[in-house]
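# Architecture and fold: a report
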Amino acid sequence: MQHIVGETCIPLDPKRIIVLGGDDTLGNLLALGMKPVAASSGWDAVESFPKHLQNQLEGVEYVGSTTQPSLEKILLLQPDLILSNHHMEAFNDQLSQIAPTVVVDSDHDPWKQQLLTLSKILDKEDIANRLIDNYQQRSDELKQALGDDRTNLVVSVATATQRFGIWAYGSKGPVGNVLDDVGVQRPPSQVGDFDYTERISLESLDAIDGDVLLLVSWRNESDNNAISEMQKSPLWQQLEVVRNDQVYTVSMDHWDTDHSIFGINALLDDLFEYLAN
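Residues numbered from 1 in each chain as written. Predicted model: local features only at pLDDT ≥ 70, side-chain atom pairs only at ≥ 80, totals over all residues. Heavy atoms only, no water.

Summed over the entire model, instances satisfying the criterion amount to 6 salt bridges. In this structure, the salt-bridge partner of Asp253 is Arg219, at a minimum N-O distance of 3.0 Å. Placement of the pair is Asp253 in helix H10 (residues 252–257) and Arg219 in the loop between strand S11 (212–217) and helix H7 (221–232), with a sequence separation of 34 residues. The exposure class of Asp253 is buried, given its relative accessible area of 4%. The exposure class of Arg219 is partly exposed, given its relative accessible area of 29%. One network of salt bridges, with partners in common, ties together Asp23, Arg219 and Asp253. (Salt bridge = Lys/Arg side-chain N within 4 Å of Asp/Glu carboxyl O. Helix = DSSP H or I, 4+ residues; strand = E, 2+ residues; numbered from the N terminus. Buried < 20%, exposed > 50% of the residue type's maximum accessible area, 1.4 Å probe, protein only.)

Let us look at the sheet that holds strand S12 (residues 247–251). Ordered in space as S10-S9-S8-S11-S12, the 5 strands form an open sheet in which the pairing is mixed. Among the strands making up the open sheet, the edge pair consists of strand S10 (196–200) and S12. With direction set aside, neighbouring strand axes in the sheet form an average angle of 30 degrees. Across 3 bridges, the pairing between strand S9 (residues 165–169) and S10 is antiparallel. The residue bridging Ala168 from the neighbouring strand is Thr197, located in S10. (Pairing = 2+ DSSP bridges. Axes fitted to C-alpha atoms, helices over the stretch in contact; angles between N-to-C directions.)

Tallying each qualifying case throughout the model produces 8 aromatic pairs. Residues Tyr169 and Tyr196 carry aromatic rings whose centres are separated by 5.3 Å and whose planes lie at 65 degrees to one another, so their mutual orientation is edge-to-face. Separated by 27 residues along the polypeptide, Tyr169 in strand S9 and Tyr196 in strand S10 bring together distant segments of the chain. Judged by its relative accessible area of 36%, Tyr196 is partly exposed. Every member of this aromatic cluster is reached through a ring pair, and the members are Phe164, Trp167, Tyr169, Tyr196 and Trp218. (Phe/Tyr/Trp six-rings, centres within 6.5 Å; stacked < 30°, edge-to-face > 60°.)

Between the first and last C-alpha of H7 there are 16 Å, a value that for 12 residues agrees with the 16 Å anticipated at 1.5 Å per step. Here H7 has its buried residues at Asp223, Ala226, Ile227 and Met230. Looking down the long axis of H7, one finds its buried residues gathered within 95 degrees of arc, a one-sided arrangement. In H7, those exposed residues whose orientation departs by more than 90 degrees from the buried face are Glu221 and Lys232. Packed against the buried residues of H7 are strand S8 (155–161), S9, S11 and helix H8 (234–237). (Expected span 1.5 Å × (residues − 1). Arc of directions from axis to C-beta. Contact = heavy atoms within 4.5 Å.)

For the rest of this paragraph, the subject is the nonpolar core. In globular proteins that are soluble, nonpolar side chains generally tend to be buried together. Grouped together as the largest cluster of nonpolar side chains are 68 residues, with contacts concentrated most on Leu122, Val178, Ile208, Trp236, Trp255 and Leu271. Discounting chain neighbours no more than four positions away, the residues touching Val178 are Trp111, Tyr135, Ile264, Leu267, Leu268 and Leu271. (Core = buried A, V, L, I, M, F, W, Y, C linked by side-chain atoms within 4.5 Å.)

Glancing now at empty space enclosed by the protein. This model, assessed by the stated rule, comprises 1 cavity of 30 Å³ or more. The space that makes up the largest cavity amounts to roughly 30 Å³. As for the largest cavity, its lining consists of Asp24, Thr25, Asn28, Val104, Gln114 and Leu118. Elements that contribute at least two residues to the lining of the largest cavity include exactly helix H1 (23–31) and helix H4 (111–121). Per-element tally for the lining of the largest cavity: the top contributor is H1, with 3 residues. (1 Å grid on protein atoms, 1.4 Å probe; cavity = no way out; pocket = protein on both sides within 12 Å on 5 of 7 lines; lining within 4 Å. Points joined across faces, edges and corners; volume = space filled by probe spheres on them.)

This is a description of form; function is not addressed.
What follows is the structure, encoded as structure tokens:
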């Protein structure tokens, strides 16, 4: 199998897969009908998987965060295939000594391509194509539910964290891809060939205004505190979307960290709830 850091000979029917470095790959693996023996998840030391995947992960061992995997745990689990990503490249030589390791690019490839690439590795392309067809059908249903009004509906997606301050989601990433498929509009500051725009000042807070604001919440208290601080500002209260009571809180689990087909469908669920309803 050719992948982004080389070539790896992989087993035809792997039974003990470990997923490292991406909730996208973890979710897509489950969607393709395969359950790993272990996985990493998240960017910090909080031992948890995305909420919308947890009911499918009973018995799956947690082996650390994206930045701090436990090589000792991985070795003891005796995997026959490791699915990694480019965040884990520093560990690639060590991982390859434990089991065949394939590096999947879960940041730069569009979400559909990620699913198709994984399905090719595992010989599950027919399932992947059905999953994408189902997504397209749901996306078309949402477009129909919104009607022609969607072409004038401005949907903003933003958040705040301690590290990056106030930031918004651009057109390039999975969030932008789905909103584009649905046919809604974005604020001018969120249109362009970029995933995110960071460090928006309070004085420029109108950059996240719109008809609807989807505000991404986090698992950790410090980043949610950053959102609370933003909301205390008088400039927040002046936003048209706030005055119209059209701010809806959505979870980081599928709006930010998991863009597997499960995460994408959970994102669509939110759009049905907050836009169509």
